[in-house]
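Examination of the molecular architecture
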Amino acid sequence: MFMPVMEIKKMGEPVLKEICAPVERIDKKIKHLLDDMAETMYANEGVGLAAPQVGVPIRMAVINVDKKKLYELINPVIVEREGAVVDQEGCLSFPGLFGDVERAEKVRVEYINRYGKKRFVEAEGLLARCLQHEIDHLDGKLFIEIAQNLSEGRRDRS
Ligand code: CO
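Let us look at the structure shown here. (Residues numbered from 1 in each chain as written. Predicted model: local features only at pLDDT ≥ 70, side-chain atom pairs only at ≥ 80, totals over all residues. Heavy atoms only, no water.)

1. Comments concerning the overall build of the protein
Threshold: Numbering of helices and strands runs from the N terminus, with a helix taken as a DSSP run of H or I at least four residues long and a strand as a DSSP run of E at least two residues long. Partly exposed describes any residue whose relative accessible area lies between the buried limit of under 20% and the exposed limit of over 50%, with all areas from a 1.4 Å probe on protein chains only and scaled to the type maximum. Contact criterion: two residues are considered in contact whenever any of their non-hydrogen atoms come within 4.5 Å of each other. Each accessible area is a Shrake-Rupley estimate made with a 1.4 Å probe; only the visible protein chains count as cover when residues are assessed.
Summing up its helical and strand segments, the protein has two helices and eight strands in all. Going residue by residue from the N terminus, the α and β elements of the protein occur as α-β-β-β-β-β-β-β-α-β. The C-alpha extent of the protein, read off along each of the three principal axes, is 45 × 30 × 30 Å. When the 158 residues of the protein are sorted by exposure, 46% land in the buried category. Contacts spanning at least 24 positions in sequence make up 65% of the contacts within the protein whose residues lie at least 6 apart. Carbon and sulfur atoms make up 49% of the accessible area of the protein, which amounts to about 8900 Å² in all.

2. What to know about the environment of L138
Structurally, L138 can be placed in the loop between α2 (125–137) and β8 (148–152). Looking at L138, the relative accessible area reads 0%, which means it is buried. Between the alpha carbons of L138 and E89 there is a distance of 17 Å; along the sequence they are 49 residues apart. Beyond its immediate chain neighbours, meaning those up to four positions away, L138 contacts E18, I19, C20, A50, P52, I58, R59, M60 and P76.

3. Some remarks on a nonpolar patch on the surface
Counted only if it meets this: What makes a patch is a set of residues exposed beyond 30% relative accessible area and free of salt bridges, joined within 9 Å when like-charged and within 5 Å when nonpolar (Val, Leu, Ile, Met, Phe, Trp, Tyr). By definition here, a salt bridge exists when the distance from a side-chain nitrogen of Lys or Arg to a carboxyl oxygen of Asp or Glu is within 4 Å.
Residues V77, V79 and F120 make up a contiguous nonpolar surface patch of roughly 240 Å² in combined accessible area. Tracing the chain through its elements places V77 in strand β3 (residues 71–82). Take V77: its relative accessible area is 44%, and that puts it in the partly exposed class.

4. What about the sheet that holds β8?
Note the cut-off: The pairing criterion for strands is at least two bridges between them, as found by DSSP. Between N-to-C directions, angles span 0 to 180 degrees; the directions come from axes that are lines fitted to C-alpha atoms, helices contributing only their stretch in contact.
If you walk across this open sheet you meet the three strands as β4-β5-β8, and the pairing is antiparallel. Unpaired on one side and paired on the other, β4 (85–89) and β8 mark the two borders of the sheet. The mean angle between the axes of side-by-side strands here comes to 20°, regardless of whether they run parallel or antiparallel. One ladder, built from three bridges, connects strand β5 (residues 97–103) with β8; its direction is antiparallel. Bridge pairing in β8 places L97 opposite E152. The sheet contacts of α2 involve β4 and β5, and relative to β4 the element is tilted by about 70°.

5. Here's the deal with the environment of A128
Following the sequence through the fold, A128 ends up in helix α2. Remark: the alpha-carbon pair of A128 and F143, spanning 15 residues in sequence, is separated by 14 Å. Excluding residues within four positions of it along the chain, A128 makes contact with E105, V107 and A123.

The structure is reproduced here in structure tokens:
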């Protein structure tokens, strides 16, 4: 199967600020886009990628934080959140830029998988952070707008 790596839209591209439209029907095109998004995420060594980042303003994201479990999220919604935690974050649309972002510590997310089934994921740690970051993308919200201590390059934690 040929799965092309797509071009990632960078800072300043208007599509990154769009409120994305819900996916109404999961057809072949949608499934191909999920494949291409995952391929693009892996090729860029990212842990998450939202559809607007490849220029498609629809509510879809892929996440893989442990190189084991790929989440393909269609119309994801955060239905529960708990706690707050600050950690460093980056984004494939802002290469080399990192900043501290406060996020909920735990989230429960409802989504539709590629087979049209409703699924839930409960997460904490990096997966919880990533879910919040990607779902923000679907509302045109970018991490740099809420980040503190923005810097070029990842800072070491002591
Ligand atoms: Co991002």
